[in-house]
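Next come the chains, spelled out residue by residue.
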Amino acid sequence: MNTRLTLLPERALLLPDYHTLVVADWHLGKGAHFRKAGIYMPVLPVDKDTMRLQSLLDNYRVKTVVFLGDLFHSDLNSEWLVFERFRATNPAIRFILTRGNHDILPDDLLEKAAVDVVPSYSIASHIHCTHHPEGGEFVGRLNIAGHVHPGCLIPAKGRQAYRLPCFYFRRQTLLLPAFGMLTGLHMVQPSPGARIYPTAGDKVLEWVL
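Since we're looking at a predicted model, the values are computed, not measured.

Cut-offs applied
- Residues numbered from 1 in each chain as written.
- Predicted model: local features only at pLDDT ≥ 70, side-chain atom pairs only at ≥ 80, totals over all residues.
- Heavy atoms only, no water.
- Helix = DSSP H or I, 4+ residues; strand = E, 2+ residues; numbered from the N terminus.
- Buried < 20%, exposed > 50% of the residue type's maximum accessible area, 1.4 Å probe, protein only.
- Contact = heavy atoms within 4.5 Å.
- Areas by Shrake-Rupley, 256 points an atom, 1.4 Å probe, with all protein chains shown as cover.
- Salt bridge = Lys/Arg side-chain N within 4 Å of Asp/Glu carboxyl O.
- Core = buried A, V, L, I, M, F, W, Y, C linked by side-chain atoms within 4.5 Å.
- Phe/Tyr/Trp six-rings, centres within 6.5 Å; stacked < 30°, edge-to-face > 60°.
- Arc of directions from axis to C-beta.
- Disulfide = S-S within 2.5 Å.
- 1 Å grid on protein atoms, 1.4 Å probe; cavity = no way out; pocket = protein on both sides within 12 Å on 5 of 7 lines; lining within 4 Å.
- Points joined across faces, edges and corners; volume = space filled by probe spheres on them.
- Nonpolar A, V, L, I, M, F, W, Y, C, P; charged D, E, K, R; others polar.
- Pairing = 2+ DSSP bridges.
- Axes fitted to C-alpha atoms, helices over the stretch in contact; angles between N-to-C directions.

J.: I would appreciate a short explanation of the overall build of the protein in the present structure.
T.: When its secondary structure is counted, the protein shows four helices and 15 strands. Buried residues in the protein amount to 49% of all 209 residues. Expressed as a percentage of contacts within the protein between residues at least 6 apart in sequence, the contacts between residues at least 24 apart total 64%. With the model as given, the accessible surface of the protein reaches about 10,800 Å², and the carbon-plus-sulfur share is 54%.

Below is the structure:
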């Protein structure tokens, strides 16, 4: 399988041979959803995530963006307007959503925003995108998935450790870090044959197990 995969520090995956950008678990609208329910959430500029994604579209030759589920966190709220403006700015790019467990917005709203909603999406015959990891091992086929929000603990001096989002590759599955800044981390456990790539600032590192 000779496919170039570029792990980006912006927590996204670029497949340059297919002009495709893959993004997992944006959870847009999460802050507004929890504040509406009376639960404290830090007020972060929603546009920062959007600007980060727009920068990727401006800097790379992208024709298709695949969202690996959980594009919007819950019911409709005002943060959807941010996505509508972003979508209108990029009319020539195809947007595909592999539906996740948080994707409960009405289909007609997504259709109006020109987002194709599918259970799964194959970038090529050997590259299959899903929200949940498929869980099996398919010879010669890569499963790119989200949902997990993988993170890792990187040891540092003075008995300290950094909690960092990461790309996690094991067997035929590549888990992407959550794109949204308000998402939590699930600490993945090192295991034989796994490769972990933490994102730190403007770099993607490799943690050798």
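J.: What is the right way to read the pattern of salt bridges from this model?
T.: Side chains that differ in charge, positive against negative, can pair when their charged atoms come close. Summed over the entire model, instances satisfying the criterion amount to seven salt bridges. Residue Asp-116 is joined to Arg-94 by a salt bridge in which the shortest nitrogen-to-oxygen separation is 2.9 Å. With Asp-116 in strand 6 (residues 115-118) and Arg-94 in strand 5 (residues 94-98), this residue pair connects regions lying 22 residues apart in the sequence. For Glu-134, the salt bridge identified is with Arg-141, shortest N-O distance 2.7 Å.

J.: Honestly, the nonpolar core in this entry has me stumped. Any pointers?
T.: In summary, soluble globular proteins display a tendency toward joint burial of nonpolar side chains. Grouped together as the largest cluster of nonpolar side chains are 27 residues, with contacts concentrated most on Leu-21, Leu-53, Phe-67 and Phe-83. At the level of elements, strand 2 (12-15), strand 3 (20-23), helix 2 (46-59), strand 4 (64-67), helix 3 (80-89), strand 5 and helix 4 (107-112) are the ones that each hand at least two residues to this core. Not counting the four nearest positions on each side in its chain, Leu-21 is found in contact with Leu-8, Ala-12, Leu-13, Leu-14, Leu-53, Leu-56, Leu-57, Val-62, Thr-64, Val-65 and Val-66. Membership of the second largest hydrophobic core comes to 18 residues, among which are Ile-96, Ala-124, Ile-127 and Phe-167.

J.: Is there a simple way to think about the packing of aromatic side chains in this case?
T.: Aromatic rings in a pair are described by how distant their centres are and how their planes are angled relative to each other. Enumeration according to the criterion identifies 11 aromatic pairs in this entry. On the numbers, 6.2 Å between centres and 65° between planes, the contact of Phe-67 with Phe-83 is edge-to-face. Taken together, the residues Phe-67 in strand 4 and Phe-83 in helix 3 connect sequence positions 16 residues apart. The buried category is assigned to Phe-67, whose relative accessible area is 1%. Residue classification places Phe-83 among the buried residues on the basis of a relative accessible area of 0%. Taken together through their ring pairs, the aromatic side chains of Trp-26, Phe-67, Phe-72, Trp-80, Phe-83, Phe-86, Phe-95 and Phe-179 make up a single cluster.

J.: Explanation requested: helix 3 in the structure shown.
T.: What sets the pattern is the α-helix's 3.6 residues per turn: residues three or four places apart point alike. Burial in helix 3 covers these residues: Trp-80, Val-82, Phe-83, Phe-86 and Arg-87. For helix 3, the angular spread of the buried residues around the axis is 150°, confining them to a single face. Exposed residues pointing more than 90 degrees away from the buried face of helix 3 are listed as Arg-85, Ala-88 and Thr-89.

J.: Where do I start with the state of the cysteines in this structure?
T.: Covalent bonding between the sulfur atoms of two cysteines is what defines a disulfide. Across all of its chains, the model carries zero disulfides by this definition. The thiol sulfur of Cys-152 is not disulfide-bonded, and the nearest other cysteine sulfur, from Cys-166, lies at 4.2 Å. On the basis of relative accessibility, which here comes to 0%, the residue Cys-152 falls in the buried class.

J.: Can you help me understand the environment of Asn-143 in this one?
T.: Tracing the chain through its elements places Asn-143 in strand 9 (residues 142-145). Judged by its relative accessible area of 2%, Asn-143 falls in the buried class. Spatially, the C-alpha atoms of Asn-143 and Gln-172 are 6.1 Å apart, while their sequence positions differ by 29 residues. Leaving out residues up to four positions away in the same chain, Asn-143 has contacts with His-128, Thr-130, Pro-133, Glu-134, Gln-172, Thr-173 and Leu-174.

J.: Help me out: how do you make sense of empty space enclosed by the protein in this one?
T.: The probe, sized like a water molecule, is rolled over the atoms to show the empty space still left. Scanning the model with the defined rule gives one cavity of 30 Å³ or more in all. Surrounding the largest cavity, Leu-71, Phe-72, Leu-97, Asp-103, Ile-104, Leu-105 and Leu-110 form its lining. Considered class by class, the residues forming the lining of the largest cavity number six nonpolar, no polar and one charged.

J.: What should I look at first to understand the sheet that holds strand 5 in this one?
T.: What holds strands together in a sheet is hydrogen bonding between their backbones, with the strands either parallel or antiparallel. The strand order across the open sheet built from six strands is 1-2-3-4-5-6, with neighbouring strands paired in mixed fashion. The sheet terminates laterally at strand 1 (6-8) and strand 6, the two strands that pair on one side only. Neighbour-to-neighbour, the strand axes of the sheet open up by a mean angle of 20°, direction not taken into account. Across three bridges, strand 2 lies against strand 3 in antiparallel orientation. Paired with Leu-15 across the bridge in strand 3 is Thr-20. Most of the contacts of helix 3 go to strand 5, to which it runs at about 140°, and overall it touches strand 4, strand 5 and strand 6.

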